[in-house]
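Structure assessment
Here is what each chain is made of, one letter per residue.
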Amino acid sequence: MFKIMMMPDAEDFLNVVEHSRGQVMLHLPDGTRCDLKRDHTARQLLRAMRPSRDGLCVSLSDARDAPAFLDYMIGSARPRR
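Quick caveat: nothing in here was measured; it's all calculated off a predicted structure.

The rules behind these values
- Residues numbered from 1 in each chain as written.
- Predicted model: local features only at pLDDT ≥ 70, side-chain atom pairs only at ≥ 80, totals over all residues.
- Heavy atoms only, no water.
- Helix = DSSP H or I, 4+ residues; strand = E, 2+ residues; numbered from the N terminus.
- Rg over C-alpha atoms; globule rule 2.2 N^0.38 Å.
- Buried < 20%, exposed > 50% of the residue type's maximum accessible area, 1.4 Å probe, protein only.
- Contact = heavy atoms within 4.5 Å.
- Polar contact = N/O pair within 3.5 Å; in protein donor to acceptor, adjacent residues only side chain to side chain.
- Phe/Tyr/Trp six-rings, centres within 6.5 Å; stacked < 30°, edge-to-face > 60°.
- Core = buried A, V, L, I, M, F, W, Y, C linked by side-chain atoms within 4.5 Å.

A word on the overall build of the chain. Helix and strand counts for the chain come out as three helices and four strands. The N-to-C order of helical and strand elements in the chain reads β-α-β-β-α-β-α. The C-alpha radius of gyration of the chain comes to 12 Å, within 12% of the 12 Å expected for a compact globule of 81 residues. Scored against the burial criterion, the 81 residues of the chain give a buried share of 41%. Here the analysis covers contacts within the chain between residues at least 6 apart in sequence; of these, 67% occur between residues at least 24 apart.

Below you can see the structure in the form of structure tokens.
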């Protein structure tokens, strides 16, 4: 499971989601999970959300998708020019 602490551009994140091989699950505070690849409402929710101090929790069903998400997380921490 990944914890995303900042998301400057939700569209960049959703692009990584769309290109992933497996499921990408968003874990909501109430314990429910939403599949970001298949659930349009979950993608809209993500666009409107901003990570709190607890971050957004995301899990992947295919470990081969991890490098792309790590790259996104590292890139989002870099200052924009």
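Now that the structure has been shown, the text picks up again.
This brings us to the environment of Arg64. By the element assignment, Arg64 lies in the loop between β4 (56-60) and α3 (66-77). A distance of 2.7 Å separates a polar atom in the side chain of Arg64 from a polar atom in the side chain of Asp62.

This next bit is on the packing of aromatic side chains. Using the criterion set out here, one finds three aromatic pairs in the structure. Ring plane angle 70 degrees and centroid distance 5.7 Å describe the contact between Phe13 and Phe69, whose orientation is recorded as edge-to-face. Of this pair, Phe13 sits in helix α1 (residues 10-18) while Phe69 sits in helix α3; the two residues are 56 residues apart in sequence, bridging distant segments of the chain. Comparing Phe13 with Phe69 shows no difference in burial state: the two are buried. Aromatic rings pair up to connect Phe2, Phe13, Phe69 and Tyr72 into one cluster.

Ranked by size, the top nonpolar core spans 21 residues in total, and within it Met7, Phe13, Leu26, Leu36 and Leu46 carry the most contacts. Here this core gets five residues from one element, more than from any other, and that element is α1. Look past the residues within four positions of Leu26 in its chain and what remains in contact with it is Thr32, Arg33, Cys34, Leu36, Leu46, Met49, Leu56, Cys57 and Val58.

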